[in-house]
2 protein chains.
Amino acid sequence: MGHGGCGPGFSVTCPPGRKEARSTSPCSLLQMGWGDLGVYGEPSRETPNLDRMAAEGMLFPNFYSANPLCSPSRAALLTGRLPIRNGFYTTNGRARNAYTPQAMVGGIPDQELLLPELLKGAGYASKIVGKWHLGHRPRFHPLRHGFDEWFGSPNCHFGPYDGRAQPNIPVYRDWEMVGRYYEEFPINLKTGEANLTQVYLQEALDFIKRQQADKRPFFLYWAVDATHAPVYASRPFLGTSQRGRYGDAVREIDDSVGKILQLLRDLRIAEATFVFFTSDNGAALISAPQQGGSNGPFLCGKQTTFEGGMREPAIAWWPGRVPAGQVSHQQGTLMDLFTTSLSLAGLAPPSDRVIDGLDLLPAMLRGRLTDRPIFYYRGNTLMAVTLGQHKAHFWTWTNSWEEFRQGVDFCPGQNVSGVTTHTQEEHTRLPLIFHLGRDPGERFPLSFASTEYLAALGAIAPAVQQHQKTLVPGQPQLNVCDQAVMNWAPPGCKKLGKCLTPPESTPEKCSWPH
Amino acid sequence: MGHGGCGPGFSVTCPPGRKEARSTSPCSLLQMGWGDLGVYGEPSRETPNLDRMAAEGMLFPNFYSANPLCSPSRAALLTGRLPIRNGFYTTNGRARNAYTPQAMVGGIPDQELLLPELLKGAGYASKIVGKWHLGHRPRFHPLRHGFDEWFGSPNCHFGPYDGRAQPNIPVYRDWEMVGRYYEEFPINLKTGEANLTQVYLQEALDFIKRQQADKRPFFLYWAVDATHAPVYASRPFLGTSQRGRYGDAVREIDDSVGKILQLLRDLRIAEATFVFFTSDNGAALISAPQQGGSNGPFLCGKQTTFEGGMREPAIAWWPGRVPAGQVSHQQGTLMDLFTTSLSLAGLAPPSDRVIDGLDLLPAMLRGRLTDRPIFYYRGNTLMAVTLGQHKAHFWTWTNSWEEFRQGVDFCPGQNVSGVTTHTQEEHTRLPLIFHLGRDPGERFPLSFASTEYLAALGAIAPAVQQHQKTLVPGQPQLNVCDQAVMNWAPPGCKKLGKCLTPPESTPEKCSWPH
């Protein structure tokens, strides 16, 4: 859109001096699967608000997370860089998925430039609502990395814990804890009742109203997590879905997105606000069917580098600018939201480092398609690459036989011989190649002898070579765990009388089984 | 809709004397899968016309064929009765899928009343375009069973044959053959080129124009088959899909549906015409990925009684009457199109026999949901029943180990332990029960000890008992095969100089391996 149009990005708007605009992003990063939205074919079709968002906006059926797991994907979104660059990976084992549990010592490095930090340069106010997941020690606090406001938690809402072996996860308002999950912020594991999505919705609505009143451009990162096990919903939604408790949570998120978009319309800033909806990894099929979603026709789920683990629902919405009811086959990634948001704010991405995000504005505003490889990493290992319609697997692995035999199954009901393997299988010389158009479920590898195979490999191999030749891996952040760094005494605990005494420091290698 | 509204049905319209109306039905019965439409989540989203049809009409995500195979489903559609009643099954083996190959002696019994026969009573003109599949001997000719016109073939477009061991399948115009596949009606197996869908489209458009000019109510049964292997498309569509040749065929059918609907608009009879789009069985995954489609998130495909074998894409369209952009969770079947069409024509279904079809007008016009069981038969065996959200499998079987080991796989990439079995497993006392809302992929059987299981069984068991107690199976039509009854010398062959001499009659039991 160049300089003429000036419109808000991912959550972004124009810098002062340009045509006034605002922006938000109910980027519900929440391990919802590609197949969980009606518009993506979920049979119960219980997402009327997201479906309407798609009808008024643009659908990206070929949109990917940056990782099959939450923390690395979120770090990639906010830095515009692959986890292998920004440090959100582990070298404790090969191809291991790592995240930021309570004992995690690492987090987002200071030298990484986060989207809200950069948007400050264009006068944006930024807020994160929900799960941060980029490290919970004080130096990793979101307000030290560009956000002006925060309401939410640093880790997942696992628990309840007894405060002795492990403290309950804190909920923050800005710099300080205002309570803990299962204590001040109850989640009833038996009934699934919790009103957290309603609280997160109010936080979003209030923030938008305040920015609009101040005429300030804004970036809202609405990172709700009701669809992450333990799945929850508030009472009006419990038991209302045909899909069980998981569906109740989806319905509440859908309803909330509808309310956020309606507020933008009511405030008459819809046409100045760019909104993007997506997820951080595929549906967690190990939690299905009670607490896990659907990856539609795709193979496997969260934790894997098959399509079900990383292809995400994605909708762009910007009334009057992004054409309504369109589908873009641009291959996109979470990291593109970084670059696109900067572009919307009239800012260039940092030039002193590699940025993996692509500016999606040409795709959205002018229907332009840009060829680019999609990289599927699992920890320190490049497992697969998609270029055009062809996906090449250099390594295949779901999880170990040992785990699998204990019932940990990332691909329930699915088994593609030689593909969904339980040992790490190397194919770096002769990758398994699939045509995702004809075979989105990755069930029929191309014959090694076919001309199609050779042509696809001929295109993919140089792209991979180029990528690997220039790659400078970041310092791995997810290697060391320590009971002492848990949320024993987060800032603000004294006021609440909720400080716990941390145990002695015992740093050790984190254990990442898969 | 009672007497007030008077509107066309499945392909139907009002009887003379009532508000004039016409109707058609591009009921593309063609083993397209549930997941092949953009509106049902196909990732390439290449069906803009069908998606628009859904946006202007009503989607039925819980719509079923009457059988996991073509002939029985089509017989059920036109009779409103399960194949077990109308004779479209075999007793040569247990739970065998049977259809009408060239050597089939049987076909639709005279005592069955077909939809076009009944619609005559309301002054309708009826045409079938495409595949008949209800028997090819003269007594089974569609014009002897109520249709006024026919352009198409009695069997699948398999071939080419050499005219010695087997003749090529004839193409009929009305009473007489006008040529044969691979001869006068070429299909290039190498390139996939055939212009048959274009011919079928013209036949449909011409018929509609003529009826409109004559102000006659009409029933059009547009039974194209380009997505049935060997899959074909005409040159303008070949190579245009992201999904390969199968996608080319889907795109041409989608384009044709768009042209039919546009003609109805242009002739100003859209609001007097009820159109329904659906399929006769799930996508044939044994033909995937080159020549088979997608069943979305569902288990297995054609030939099986899992959801992938029998859940079908379904769209109802009737501008101004069926509300636009709605989704109905009414469980529907192909047989409902029989009853609904009669209802639209102001006719009652026959009262001297059991009719399995439900009138869908209350669902479409008033949003009413009617509880009813869905029966999944495979040949002579009731394999499964769905009631509400629960599906109970009384028998599980895909195909034999012998076939499976030879590479015949109805569930490629899918394997649900104890469910997708290769021996016929009986569960009549304790059926496997799935909750289709939480688990549309039939991957997680309910625990036998759960209260949910007991409640579901308590509801399903009496429905099954009632069904079986009153069932009077029809004379099985698909038991006997004879080389002599093949299409050696169909009516009209003399004019064309294309009569072949049949071999001696050697009736034998047809072989149905699965």
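What comes next concerns the included structure. (Residues numbered from 1 in each chain as written. Chains lettered and ligands numbered in written order. Predicted model: local features only at pLDDT ≥ 70, side-chain atom pairs only at ≥ 80, totals over all residues. Heavy atoms only, no water.)

## Regarding the nonpolar core
Within soluble globular proteins, side chains that are nonpolar tend to cluster in buried spots. With 101 residues, the main nonpolar core has A:Leu78 and A:Trp222 as its most contacted residues. Ranked by the residues each element gives to this core, the list is headed by helix H7 (residues 245–266) of chain A, at 9 residues. Grouped together as the second largest cluster of nonpolar side chains are 100 residues, B:Tyr181, B:Ala194, B:Val275 and B:Phe338 included. (Core = buried A, V, L, I, M, F, W, Y, C linked by side-chain atoms within 4.5 Å. Buried < 20%, exposed > 50% of the residue type's maximum accessible area, 1.4 Å probe, protein only. Helix = DSSP H or I, 4+ residues; strand = E, 2+ residues; numbered from the N terminus.)

## Comments concerning the pairing of strand S5 (residues 170–173) of chain A
On a regular strand, one side chain projects to one face of the sheet and the next to the other, so that they alternate. Residues and elements named next belong to chain A. Across 2 bridges, strand S4 (residues 149–152) lies against S5 in antiparallel orientation. Residue pairing across strands places phenylalanine 151 opposite arginine 173, the latter belonging to S5. Summarising the sheet, S5 and strand S6 (residues 176–180) pair through 4 bridges and their orientation is antiparallel. When the bridges of S6 are listed, proline 170 appears paired with arginine 180. Here S5 folds back onto S6, and the loop between the two strands holds 2 residues, one of which, aspartate 174, carries a positive phi near 55 degrees. (Pairing = 2+ DSSP bridges.)

## Description of the relation of the copies chain B and chain A
The transform that puts chain B on chain A rotates by 180 degrees and translates by 0.0 Å along the axis, for an RMSD of 0.0 Å. This pairing of chains is accounted for by a two-fold axis. Both copies present the same face, since 100% of the interface residues in chain B are matched by interface residues at the equivalent positions in chain A. (Least-squares fit on C-alpha atoms with pLDDT ≥ 70 in both. Contact = heavy atoms within 4.5 Å.)

## A closer look at the sheet that holds strand S8 (residues 275–277) of chain A
Residue and element names in this part refer to chain A. Read across the open sheet, the 4 strands follow the order S8-S10-S1-S11; overall the sheet is mixed. One side of each edge strand has no neighbouring strand; the edge strands of this open sheet are S8 and strand S11 (326–327). The strands that helix H2 (residues 48–56) touches are strand S1 (58–59), S8 and strand S10 (315–317); relative to S10, the one it contacts most, it runs at about 65 degrees. (Axes fitted to C-alpha atoms, helices over the stretch in contact; angles between N-to-C directions.)

## Focus on the side chain of A:Asp36
Within the secondary structure layout, A:Asp36 lies in the loop between helix H1 (2–5) and H2. A distance of 2.9 Å separates the side chain of A:Asp36 from the backbone nitrogen of A:Ser294, its partner in a polar contact. (Polar contact = N/O pair within 3.5 Å; in protein donor to acceptor, adjacent residues only side chain to side chain.)

## Notes on helix H7 (residues 245–266) of chain B
All names here are of chain B. Relative to the 32 Å expected for 22 residues at 1.5 Å per residue, H7 spans 31 Å between its end C-alpha atoms, a close match to the ideal helical length. Counted residue by residue, H7 has 16 buried out of 22 residues, so it is predominantly covered. Immediately downstream of H7, the backbone of arginine 268 shows phi near 60 degrees, a positive value. (Expected span 1.5 Å × (residues − 1).)

## Points about the pattern of salt bridges
Opposite charge on two side chains makes pairing possible when the charged atoms of those side chains draw close. Here the structure, examined in full by the defined rule, presents 50 salt bridges over all chains. Across the pair A:Lys391 and A:Glu442 runs a salt bridge whose closest N-O atoms are separated by 3.0 Å. Of this pair, A:Lys391 sits in strand S15 (residues 390–393) while A:Glu442 is found in the loop between strand S18 (432–435) and helix H12 (451–470), placing the two residues 51 residues apart along the sequence. As a salt-bridge pair, B:Lys498 and B:Glu184 come within 2.8 Å of each other at their nearest N and O atoms. With a gap of 314 residues between them, B:Lys498 in the loop between helix H13 (493–496) and strand S20 (508–509) and B:Glu184 in the loop between strand S6 (176–180) and helix H6 (196–214) connect regions that are remote in the sequence. Put simply, A:Lys127, A:Glu149, A:Arg173, A:Glu203 and A:Arg210 are held in one network by salt bridges that share partners. (Salt bridge = Lys/Arg side-chain N within 4 Å of Asp/Glu carboxyl O.)

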